[in-house]
Amino acid sequence: MATGPVIRLRDLQRTYAMGRNEVRALAGIDLEVAPGEMIAIMGASGSGKSTLMNILGCLDRPTAGTYELDGRRVDQLGGKELADIRNQRIGFVFQGFNLLPRTSAQENVELPLLYDRAHHHRDIGRAATAALERVGLGDRRDHVPNELSGGQQQRVAIARALVTEPALLLADEPTGNLDTHTSIEILALFQALNDRGLTVVMVTHELDLARYVRRVVELRDGRLVRDEAVRDRRDAAADLAAGAASAAS
Amino acid sequence: MRHARLFRIAVRSIARTKLRSALTMLGVIIGVGAVMVMVAIGQGARSRIEASIQNLGTNLVVITPGASNAGGVSRGAGSFNRLTIDDAEKLARESLLLSNVSPVIMAGARIRGGGANWFAPIFGVDVAYPVIRDWATSSGQFFGAADVRAMRKVCVLGATVAGNIFPGQDPVGEQVILRGVPFKVIGVLAAKGQTADGSDQDDCILAPYTTVRTRLAGRQFIAQILGSAWSAADVEAAKSEVSAIMRESHGLGDWEEDDFTVRNQADLAETATGTTRVMSMLLAAIAAISLFVGGIGIMNIMLVSVTERTREIGIRMAIGARPGDVLAQFLVEAVVLSTLGGLVGVAIGYGSSWLVGRLTGWPTTIAPAMAGLALGFSAAVGVFFGFWPARKAAALDPIAALRYE
Ligand SMILES: Nc1ncnc2c1ncn2[C@@H]1O[C@H](COP(=O)(O)OP(=O)(O)OP(=O)(O)O)[C@@H](O)[C@H]1O
Ligand SMILES: [Mg+2]
């Protein structure tokens, strides 16, 4: 892996034109994310978190400023190149899971591989099964989203994000629709992935969850107002085990 | 993305909304099916026409009044009659390539005889007529040159006329009254059946042209002069010879156009099938219109489908579908839809043309190339009408699509 940052933002801006008015969702962000980091982006509602994540995820383009992904400028790329980056370099997890309805977990996870032009000699079915096993859903391959719990659906979505083996995982409020226990389970999964070298950037509202990451940045009105390392980072897996023990006693 | 996958996605999303897909395909199904049946019927009718023109006679050359245009359709035919007995006699005298010539004078008449009444056309013809038309008598005999020269009041009845006036009886030797003039029946023609346009060839009376011309009052005209060439190889040359003699007979100058038309069997077939060609063009127009309407149906449903599946499109884009992938997905879906419609239409076409063939006894056949063409057109309709909705899908903004409720 390159020694440079995975993400480098310079004076990143995004304004939405709303009729005659302009909404400055991002008013100049400078940020660097090194490989192997696990970051939580926090901030009040409307502070620009989702806007930032969409640009990081190459779903949207900045109005001004630069975005380098793995040392390569991506802020001015066209739709085709951005699609390929989304497919191969980035895994994106949404608050609302965004799985295809009436489509099995297995096929949902296979989907990104169908659009993967770079490696289309791989065994798609096997890769998807392996990704589902990594998130602990090896036995739910044939279930459609309707037949899965919220936590399980989010795991399928994470497996889908991981199946192309990206170096960067982006998650916009991945636990927003989940209860506390399930949220910690998801965080445990992120931590395990992060321990194996995956860079994780996630948005969360919950201070409790921010204790499981290595670094927290805060947005306010489209600006970075806080950027600090988490000193006593908690281990989600250990907390789950402890919680289970206390519930059992 | 692999083509097989693309195809499977399309088939599955069509299968998911079976009723809707079926209704969407209906336009294409009806269009293709109807055209296939019509073409089959048209071809059946055409081969029947050709067969019955063959049955007109051997090495036939037909001269009719009035000029013809390039299409072989008479312009102002019958509006004024320029064929005369002199023409026929001159042709009989001077033509080297025609073995037989006979004028055909037309006169309609009420026929009385044997206590019955009947209406039928009377053809005043020469002795060569049955030879040219290859027409035998079933009873009695045809009149001879002496009858013609002497203008004898003799006639030969067509099978239909004979059967109606003298049912179950041999009319030979009996008398019939044509326009008040008594004629002696000397023969009955063998039955020949219907012509291409469905009229009964046996519903007529033949009499010497000299007699018809002089003894029968009322409106009459020389409808045509028939001739037959010595051999099939002579027919084309005979046509030009006839033209030359006719021009001379009519005293036409070099700058004047023919005021008559000379045709052989092939020309007649051409004229008769000309109507079927018009019908074919009409069919093509119907095909085009119904495929167009079917295509609009497909476009409509694809637009609905794109809107309904906006979120799905957003998801696909978010995980790396290129705009081209989305375009291909919807385009393939439209083409599968329309081609499926085409297939069903072809099947229906085959089925019902077989049925029509059974009912009418016509040889209704559908060439495989025709079925292939129909399928090709259906697929093209899918591409053409699916393109816009597919492009709309591909142009969606991923974030907006993901947020779409
Ligand atoms: N498509 C859009 N058009 C116009 N304005 C927008 C659009 N998307 C976001 N905004 C505006 O940009 C600002 C930042 O929005 P964003 O969704 O990034 O906030 P957020 O931090 O994700 O909030 P939340 O925590 O509620 O998800 C808000 O003021 C919002 O109204
Ligand atoms: Mg948000």
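What counts and what doesn't
- Residues numbered from 1 in each chain as written.
- Chains lettered and ligands numbered in written order.
- Predicted model: local features only at pLDDT ≥ 70, side-chain atom pairs only at ≥ 80, totals over all residues.
- Heavy atoms only, no water.
- Contact = heavy atoms within 4.5 Å.
- Buried area = accessible area lost by both parts, 1.4 Å probe.
- Salt bridge = Lys/Arg side-chain N within 4 Å of Asp/Glu carboxyl O.
- Polar contact = N/O pair within 3.5 Å; in protein donor to acceptor, adjacent residues only side chain to side chain.
- Helix = DSSP H or I, 4+ residues; strand = E, 2+ residues; numbered from the N terminus.
- Nonpolar A, V, L, I, M, F, W, Y, C, P; charged D, E, K, R; others polar.
- pLDDT = per-residue confidence, 0-100.
- Domains from an automatic or database assignment.
- Buried < 20%, exposed > 50% of the residue type's maximum accessible area, 1.4 Å probe, protein only.
- Pairing = 2+ DSSP bridges.
- Near = heavy atom within 4 Å.
- Areas by Shrake-Rupley, 256 points an atom, 1.4 Å probe, with all protein chains shown as cover.
- Phe/Tyr/Trp six-rings, centres within 6.5 Å; stacked < 30°, edge-to-face > 60°.
- Expected span 1.5 Å × (residues − 1).
- Bend = angle between axes of the 7 residues up to and from the residue.
- Disulfide = S-S within 2.5 Å.
- Axes fitted to C-alpha atoms, helices over the stretch in contact; angles between N-to-C directions.

**Student:** How should I be thinking about the interface of chain A and chain B in this particular structure?
**Tutor:** Note on interface size: it is often stated as the accessible area lost on association of the parts. Each partner contributes residues to the interface: chain A has 27 residues there, and chain B has 24 residues. Of the roughly 2,400 Å² buried at the junction of chain A and chain B (both faces included), carbon and sulfur atoms supply 53%. Area buried by chain A at its contact with chain B is led by A:L114, A:Y115 and A:R117, which between them contribute 27% of it. Taken together, the links from chain A to chain B amount to four salt bridges. Across the salt bridge formed by A:R117 and B:D325, the nearest N and O atoms sit 2.6 Å from each other. Taken together, the connections running from chain A to chain B amount to eight residue pairs in polar contact (both at pLDDT 80 or more). Breaking the side of chain A that touches chain B down by element, the ones donating at least two residues are helix 2 (79-88) and helix 3 (105-114) of chain A. Grouping the amino acids of the side of chain A that touches chain B by side-chain chemistry returns eleven nonpolar, seven polar and nine charged.

**Student:** What is the right way to look at the confidence of the model for chain A in this model?
**Tutor:** Interpreting fine coordinate detail is not advised for predicted regions of low pLDDT. Confidence in the prediction for chain A averages 92 pLDDT; 97% of positions are at 70 or higher. Averaged over each element, pLDDT in chain A is lowest for helix 8 (residues 236-248) of chain A (83) and highest for strand 8 (residues 199-203) of chain A (97).

**Student:** Just checking my understanding: could you explain the domain arrangement of chain B for this structure?
**Tutor:** With domains assigned, chain B is organised as domain 1 (3-51 + 274-403) and domain 2 (100-228). A straight line from the C-alpha centre of domain 1 of chain B to that of domain 2 of chain B covers 57 Å.

**Student:** Is there a simple way to think about the pairing of strand 10 (residues 260-264) of chain B in this case?
**Tutor:** Residue and element names in this part refer to chain B. The buried fraction of strand 10 amounts to five of the five residues, a majority that puts the element mostly inside the structure. In this sheet, strand 10 lies alongside strand 1 (residues 60-65) in antiparallel orientation, the contact comprising five bridges. Across the sheet, the residue bridging to T64 is T261, located in strand 10.

**Student:** Sorry if this is basic, but what is going on with the site of ligand 1 here?
**Tutor:** The local shell around ligand 1 holds 15 residues, among which A:S45, A:G46, A:K49, A:S50 and A:T51 are the closest. Bordering ligand 1 are residues originating from chains A and B. For ligand 1, an oxygen atom lies 2.4 Å from a polar atom in the side chain of A:S45. Contact distances for ligand 1 include 2.6 Å between an oxygen atom and a side-chain N or O atom of A:T51. Bound to the protein, ligand 1 loses 68% of the 630 Å² it would expose on its own. In terms of residues, the shell around ligand 1 owes the most to one element, helix 1 (residues 49-56) of chain A, which gives three residues.

**Student:** How do you make sense of the environment of B:I225 when you look at a structure like this?
**Tutor:** All names here are of chain B. Along the chain, I225 turns up in strand 9 (residues 221-229). Of the residues examined, I225 reaches a relative accessible area of 0% and is grouped as buried. Between the C-alpha atom of I225 and that of I245, which follows or precedes it by 20 residues, the distance is 13 Å. Beyond its immediate stretch of four places on either side in the chain, I225 contacts V61, V62, I63, L83, T84, D87, A88, L91, V101, S102 and P103.

**Student:** Could you clarify how one ought to interpret the pattern of salt bridges in this entry?
**Tutor:** Pairs may arise between side chains of opposite charge once their charged atoms sit close together. All names here are of chain A. For the structure on display, the rule yields 29 salt bridges over all chains. Between R8 and E32 there is a salt bridge, and its shortest N-O distance comes to 3.1 Å. On the criterion of sequence distance, the pair formed by R8 in strand 1 (residues 7-18) and E32 in strand 2 (residues 21-33) is long-range, its members being 24 residues apart. A residue is classified by how much of its surface remains accessible, and E32, at 34% relative accessible area, is partly exposed. Connected through shared salt-bridge partners, R8, R10, E32 and E68 make up one network.

**Student:** Please explain the packing of aromatic side chains as it appears in this structure.
**Tutor:** The geometry of an aromatic ring pair is captured by the separation of the ring centres together with the interplanar angle, meaning the angle of the planes. Tallying each qualifying case throughout the model produces four aromatic pairs over all chains. Relative to A:F94, the ring of A:F92 has its centre 4.8 Å away and its plane inclined at 25°; by these criteria the two rings are stacked. Consider the rings of B:F142 and B:F143, whose centres lie 4.4 Å apart with planes at 35°: the pair is tilted. Side by side, B:F142 and B:F143 carry an identical accessibility label, which is buried. Feature note: the residues B:F292, B:F384 and B:F385 constitute an aromatic cluster, connected by ring pairs.

**Student:** Please explain helix 2 (residues 18-54) of chain B as it appears in this structure.
**Tutor:** Each full turn of the α-helix corresponds to 3.6 residues, which orients residues three or four apart in the same direction. With 37 residues, helix 2 of chain B extends 52 Å between its outermost C-alpha atoms, agreeing within 8% with the 54 Å of an ideal straight helix rising 1.5 Å per residue. The largest bend along helix 2 of chain B reaches roughly 40° and is located at B:L26.

**Student:** Which parts of the structure should I look at to understand the environment of B:E333?
**Tutor:** Residue and element names in this part refer to chain B. Here E333 lies in helix 11 (residues 323-360). Classification of E333 by relative accessible area gives buried; the value is 5%. Sequence separation of E333 and R48 is 285 residues, and the distance between their C-alpha atoms is 43 Å. Side chain to side chain, E333 and S13 meet in a polar contact 2.8 Å long.

**Student:** Honestly, the pairing of strand 3 (residues 38-43) of chain A in this entry has me stumped. Any pointers?
**Tutor:** Across a regular strand the side chains alternate sides, sitting on one face of the sheet and then on the other. All names here are of chain A. Burial within strand 3 is extensive, with six of its six residues counted as buried. Taking every second residue as pointing to the same face, both faces of strand 3 are buried, with M38, A40 and M42 on one and I39, I41 and G43 on the other. One ladder, built from five bridges, connects strand 3 with strand 9 (residues 215-220); its direction is parallel. Across the sheet, M42 pairs through a bridge with E218, a residue of strand 9.

**Student:** For this particular structure, what's the right way to read the state of the cysteines?
**Tutor:** Working definition of a disulfide: a covalent bond connecting the sulfur atoms of two cysteines. Residue and element names in this part refer to chain B. Enumeration over the complete set of coordinates arrives at zero disulfides over all chains. The structure places no disulfide on C155, whose sulfur is separated from the nearest cysteine sulfur, that of C204, by 11 Å. With a relative accessible area of 0%, C155 lands in the buried category.

**Student:** How do you make sense of the environment of B:S240 when you look at a structure like this?
**Tutor:** Assignment of secondary structure puts B:S240 in helix 8 (residues 235-250). Each C-alpha atom, one on B:S240 and one on B:V262, is 8.4 Å from the other, the two residues being 22 residues apart in sequence.

**Student:** How should unusual backbone geometry be read in this particular structure?
**Tutor:** For residues that are not glycine, phi is negative in most cases, and the peptide bond is trans in most cases. All names here are of chain A. In this structure, N98 is a non-glycine residue whose phi angle is positive, near 55°. Turning to its location among the elements, N98 is positioned in the loop between strand 6 (90-93) and helix 3. Given a relative accessible area of 5%, N98 falls into the buried group. A positive phi is found at D221, a non-glycine position, where the angle reads about 50°. Mapped onto the fold, D221 is located in the loop between strand 9 and strand 10 (223-229).

**Student:** Would you mind showing me how to read the sheet that holds strand 7 (residues 168-172) of chain A here?
**Tutor:** Note on sheets: strands pair through backbone hydrogen bonds, and any given pair is parallel or antiparallel. All names here are of chain A. If you trace the six strands from one edge of the open sheet to the other, you get 6-7-8-3-9-10, paired in mixed fashion. Both edges of this open sheet fall to strand 6 and strand 10, since each of them pairs with a single strand only. Each neighbouring strand pair of the sheet contributes to a mean axis angle of 15°, computed without reference to strand direction. As paired elements, strand 7 and strand 8 share five bridges and run parallel to each other. Its bridge partner lying in strand 8, L170 is registered against V201.

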